[in-house]
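# Descriptive structure summary
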Amino acid sequence: ITYKLFNYLSIILSKLRIFENEYKLYKFGIEEFVLIIDEKKNYDEINLYCERIFDEIYSKPFMFNNEKVIINPVIGTSVLDHCDDNCIKNSFLNSSLALDYAQEHNMRYFVFNSLSKKDLANVENEILWCQKLWDAVNENRIKPFFQAIVNTSNGKVEKYESLMRLYEKDGK
């Protein structure tokens with residue numbers, strides 16, 4: 001279903017014709033997609049884009065197994081002034097944070113760079129941790145640990161809990 005949904009979103013974006021330049025749609029999570037727009041636009045224009053994309057997706061049911069599926073999207077957007085490889089990685093992280101913010105605040109969409117100063121401090125901290133996690137995963141510095149959960153009435157192991165530890169670059 002994810003790939004059918006990806007194709008559906010691609011078709012909607014091409015029909016809207018709201019982007020003058022190139023754009024790329026990426027599959028980010030199970031049901032999350034990132035749209036990278038190669039345009040210099042102000043926040044009002046980006047908000048308008050988000051509104052039009054939302055309305056188009058919401059108003060046109062997605063067909064799956066001959067059934068109509070109404071999609072109620074939540075859009076997280078990141079606006080960038082220039083883009084290199086590092087910028088694209090940050091765009092994914094910022095879009096993800098914007099999506100989380102929109103979901104937490106029951107918003108239809110959220111543009112990352114429109115944060116208030118208080119929210120920006122929280123997001124900067126989240127970006128720092130996202131970057132730490134990204135690096136730790138890519139450098140195999142996250143290790144799993146498992147602990148038995150014992151039934152005290154019979155002394156038998158009934159299940160296990162797991163946790164993950166992130167090690168800093170210095171091994172601590």
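In this report, we go over the structure that sits alongside the text.

## Some points on the overall build of the protein
Scanning the protein for helices and strands turns up four helices and eight strands. N-terminal to C-terminal, the α/β element order of the protein is α-β-β-α-β-β-β-α-β-α-β-β. Here the protein holds 172 residues, and the buried ones make up 30% of them. Taking contacts inside the protein between residues at least 6 apart in sequence as the whole, the part at least 24 apart equals 46%.

## Focus: unusual backbone geometry
With the exception of glycine, the majority of residues adopt a negative phi angle, and the majority of peptide bonds are in the trans configuration. Even without a glycine there, the phi angle at Asn-106 is positive, about 50°. Along the chain, the position of Asn-106 falls in the loop between helix H3 (85–104) and strand S6 (109–111). The class for Asn-106 is exposed, based on a relative accessible area of 73%. At Asn-140, a residue that is not glycine, the phi angle is positive and equals roughly 55°. Tracing the chain through its elements places Asn-140 in the loop between helix H4 (117–138) and strand S7 (142–150).

Rules used in this analysis
- Counting from 1, residues in each chain are numbered in the order their sequence is written.
- Only residues with pLDDT of 70 or above have their local features reported here, since the model is predicted, and side-chain atom pairs are shown and tallied only from 80 upward, although totals for entire chains, interfaces and linings are computed over all residues.
- Just so you know, side-chain values use all the structure's heavy atoms and leave hydrogens and water out.
- Secondary structure elements are defined from DSSP: runs of H or I of at least 4 residues count as helices, runs of E of at least 2 residues count as strands, and each element is numbered from the N terminus.
- Here's how the labels work: a residue is buried when its accessible area is under 20% of the maximum for its type, exposed when over 50%, partly exposed in between, all with a 1.4 Å probe on protein chains only.
- Here, two residues are considered to be in contact whenever any of their heavy atoms come within 4.5 Å of each other.

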